[in-house]
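A structural walkthrough
For reference, the chains in residue letters:
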Amino acid sequence: MPDVIIVGGGISGAAAAYEIARAGHSVTLFEARSLAAMASGWTLGGVRQSGRDPAELPLAKAAVERWGGLDEELGATTGYRRRGNLRLARTEAEVEIIRELVVRQRELGLAIDYLPDNAAIRAIAPAIGPAILAASFCPGDGHADPIPTVRAFAAAAARYGATIREGTGVRALTRTGDTVTGIETSDREIVSAGRVILATGIHAPELLRPLGLDLPLRVKLVCVMQSVPLPPLFEQVFGVANADAAGRQEVDGRLRVTTGIGDWPHEPVSWTMDALAPRAADIAVLIERVTQVLPAAADAGIARLWGGLIDLTPDALPAIDAHTGLDGLIVAAGFSGHGFGIGPVTGEILADLALARQPRFDLTPFRLDRFLREPATDVALTLHG
Ligand SMILES: Cc1cc2nc3c(=O)[nH]c(=O)nc-3n(C[C@H](O)[C@H](O)[C@H](O)COP(=O)(O)OP(=O)(O)OC[C@H]3O[C@@H](n4cnc5c(N)ncnc54)[C@H](O)[C@@H]3O)c2cc1C
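Residues numbered from 1 in each chain as written. Predicted model: local features only at pLDDT ≥ 70, side-chain atom pairs only at ≥ 80, totals over all residues. Heavy atoms only, no water.

**Quick look at the overall build of the chain**
- What the chain contains, in helices and strands, is 10 helices and 20 strands.
- Taking 2.2 N^0.38 as the reference for a compact globule, 385 residues should give roughly 21 Å; the C-alpha atoms of the chain span a radius of gyration of 20 Å, in line with that estimate.
- Per-residue burial over the chain gives 58% buried out of 385 residues.
- Long-range contacts, defined as pairs at least 24 residues apart, comprise 73% of the intrachain contacts of the chain with a sequence gap of at least 6.
- About 15,100 Å² of surface is accessible on the chain, with carbon and sulfur atoms providing 52% of the total. (Helix = DSSP H or I, 4+ residues; strand = E, 2+ residues; numbered from the N terminus. Rg over C-alpha atoms; globule rule 2.2 N^0.38 Å. Buried < 20%, exposed > 50% of the residue type's maximum accessible area, 1.4 Å probe, protein only. Contact = heavy atoms within 4.5 Å. Areas by Shrake-Rupley, 256 points an atom, 1.4 Å probe, with all protein chains shown as cover.)

Below is the structure:
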């Protein structure tokens, strides 16, 4: 019987498996599909502190420190580059949004600059188009290759003795009274453990509901377009003031660009790949927005298109919590479109909670029961990328 079971092999689950295994504890990770099969593979891959909610900023700052040493620590290439994040203003109204964002984020202690005109932006990123009026620039932000990163965490976890079971779905968590005791797989295998970490992204509510717990998620769709490899164009991650486009150039030269967050008219329980196919109209809008920001993108050959689902909570903050009312259960879901960058630190926190160590962060903003106390309001479109 493992000390800890993790359900979900995205970055949250894989990083937690690594931290728990290297602390000398036995851990088994169950992944229904393959590692990084969902958000952690669909993602843009931005590693961002700028634009973070104040509650999440300490995690994002700590994550940037971790990312810098991850390749060496995990013995694999994550593709991490710390080249900054540009958030661009295309209109006078967006200039004001960016100016305010810089003031607010500086007050929170983040090193972030205001670039007041197009020349200042193009001095940093010459490929940015002439129509862009102003930008914020956070030099400490960056990006990484998502699937290699998740695989690197899982491989390092396995080297420390973790068991990684891909292709094994979990249909239910088992309980005795007020204690979660393990899981039942889709093949009806029962596996017991002292702690269960639920890191199943959009699929968390369906496993929590039978336990009497509610995680109110709205599932949203982001369209992603990836080009063939191109010569170097820019090194930063770019976003825009109203978050309706973002992009980066991957280490191999491919552009990976995304739209804003749109509705997804399907049920999370039973989605198929067809339900993720981006609509042609959304892609047309994406191309228009991206080429305004990055004119050279108009000549890029398109290699792949996909849709990625976002587990959006009412306040766009995740639930990372062991105070669920059920002993042995730890929840980590609802990362609301920005859980990749903080993934290494999420893993550390989950290990702390599972191993009864004191986390080094204030986790109050991430309590699951806040949704019972606070009325569910729809947050404004949240930044991703
Ligand atoms: C298009 C897009 C762009 C994004 N851009 C960024 C960005 O630039 N920066 C950033 O920080 N974040 C970004 N995000 C968000 C980020 O990718 C996610 O917040 C993060 O990857 C969540 O990781 P996770 O491990 O919590 O969940 P997931 O990656 O969704 O992993 C959950 C895993 O659980 C598995 N699973 C589900 N149910 C079960 C079950 N019953 N049994 C077993 N396994 C199960 C799934 O197959 C999946 O692999 C983006 C997301 C999308 C979709």
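**Notes on the site of the ligand**
- Surrounding the ligand, one finds 40 residues, the nearest of these being Glu31, Ser40, Gly46, Val170 and Gly341.
- A distance of 2.9 Å separates an oxygen atom of the ligand from a polar atom in the backbone of Gly339.
- Computed on the free molecule, the ligand has an accessible area of 1,000 Å², of which 97% lies beneath the protein chains in the complex.
- Contributions of two or more residues to the shell around the ligand are made by helix H1 (11-22), strand E2 (27-31), helix H2 (39-42), strand E13 (218-227) and strand E18 (302-312).
- Counted by class, the shell around the ligand contains 18 nonpolar, 19 polar and 3 charged residues. (Near = heavy atom within 4 Å. Polar contact = N/O pair within 3.5 Å; in protein donor to acceptor, adjacent residues only side chain to side chain. Nonpolar A, V, L, I, M, F, W, Y, C, P; charged D, E, K, R; others polar.)

**Quick notes on the packing of H1 against helix H3 (residues 57-74)**
- Between H1 and H3, whose axes approach to 14 Å, the crossing angle comes to 60°. The interaxial crossing formed by H1 with H3 has left-handed handedness. Where H1 abuts H3, its residues Ile11, Tyr18, Glu19 and Arg22 lie against Arg66, Trp67, Glu73 and Leu74.
- Taken together, the residues of the contact of H1 with H3 break down into 4 nonpolar, no polar and 4 charged. (Axes fitted to C-alpha atoms, helices over the stretch in contact; angles between N-to-C directions. Left-handed = near helix turned anticlockwise from the far one by under 90°.)

**With respect to the pairing of strand E15 (residues 245-249)**
- Among the 5 residues of E15, 5 are classified as buried, and the element is accordingly described as predominantly covered.
- Alternating positions in E15 separate into two faces, Ala245, Gly247 and Gln249 on one and Ala246 and Arg248 on the other, with burial throughout.
- Here strand E14 (residues 237-240) pairs with E15 via 2 bridges, running antiparallel. Residue Phe238 lies in a different strand from E15, and its bridge partner there is Gly247.
- Linking two consecutive strands that pair antiparallel, namely E14 and E15, is a turn of 4 residues; a positive phi of about 65° is found at Ala243 within it.
- Pairing of E15 with strand E16 (residues 255-259), which is carried by 5 bridges, proceeds in the antiparallel orientation. From the neighbouring strand, Gly247 faces E16, where its bridge partner is Val257.
- The hairpin formed by E15 and E16 contains 5 residues between the paired strands, and Gly253 there has a positive phi angle of roughly 100°. (Pairing = 2+ DSSP bridges.)

**A closer look at the packing of aromatic side chains**
- Scanning the model with the defined rule gives 6 aromatic pairs in all.
- Summarising the aromatic geometry, the rings of Trp67 and Tyr80 are spaced 5.4 Å apart at their centres and angled 25° between planes, so their arrangement reads as stacked. With a gap of 13 residues between them, Trp67 in helix H3 and Tyr80 in the loop between H3 and strand E4 (85-89) connect regions that are remote in the sequence.
- The class for Trp67 is buried, based on a relative accessible area of 1%.
- Looking at Tyr80, the relative accessible area reads 10%, which means it is buried.
- Taken together, the ring pairs connect Tyr18, Phe153 and Tyr160 into an aromatic cluster. (Phe/Tyr/Trp six-rings, centres within 6.5 Å; stacked < 30°, edge-to-face > 60°.)

**Quick notes on the nonpolar core**
- Counting 52 residues, the largest nonpolar core has Ile6, Ile20, Trp67 and Ile197 as the members making the most contacts within it.
- Taken together, the elements giving at least two residues each to this core come down to strand E1 (4-7), H1, E2, H3, helix H6 (146-159), strand E20 (329-333) and helix H9 (343-354).
- Apart from the residues lying within four places of it in its own chain, the contact partners of Ile6 are Gly13, Ala16, Ala17, Ile20, Val27, Thr28, Leu29, Phe30 and Ile197.
- Membership of the second largest hydrophobic core comes to 38 residues, among which are Trp42, Leu115, Phe137 and Trp271. (Core = buried A, V, L, I, M, F, W, Y, C linked by side-chain atoms within 4.5 Å.)

**Notes on the sheet that holds E1**
- Pairing is mixed in the open sheet, where 6 strands are placed in the order E8-E2-E1-E12-E20-E19. Every interior strand has two partners, whereas the edge strands, strand E8 (163-166) and strand E19 (319-321), have only one. For this sheet the average axis-to-axis angle between neighbouring strands, irrespective of direction, equals 15°.
- With 4 bridges joining them, E1 and E2 adopt parallel strand pairing. If you follow Ile5 over to E2, its bridge partner there is Thr28.
- Packing of H9 onto the sheet brings it into contact with E1, strand E12 (195-198), E19 and E20, and relative to E20 it is tilted by some 165°.

**A few points about the packing of H1 against H9**
- Axis separation between H1 and H9 bottoms out at 7 Å; the angle between their running directions is 55°. If you check the angle between H1 and H9, you find them oblique. Two packed elements cross with a definite hand, and for H1 against H9 that hand is right-handed. Along the contact surface, H1 presents Ile11, Ser12, Ala15, Ala16, Glu19 and Ile20, while H9 presents Gly343, Pro344, Thr346, Gly347, Glu348, Leu350, Ala351 and Ala354. (Parallel < 35°, antiparallel > 145°, perpendicular 65-115°, else oblique.)

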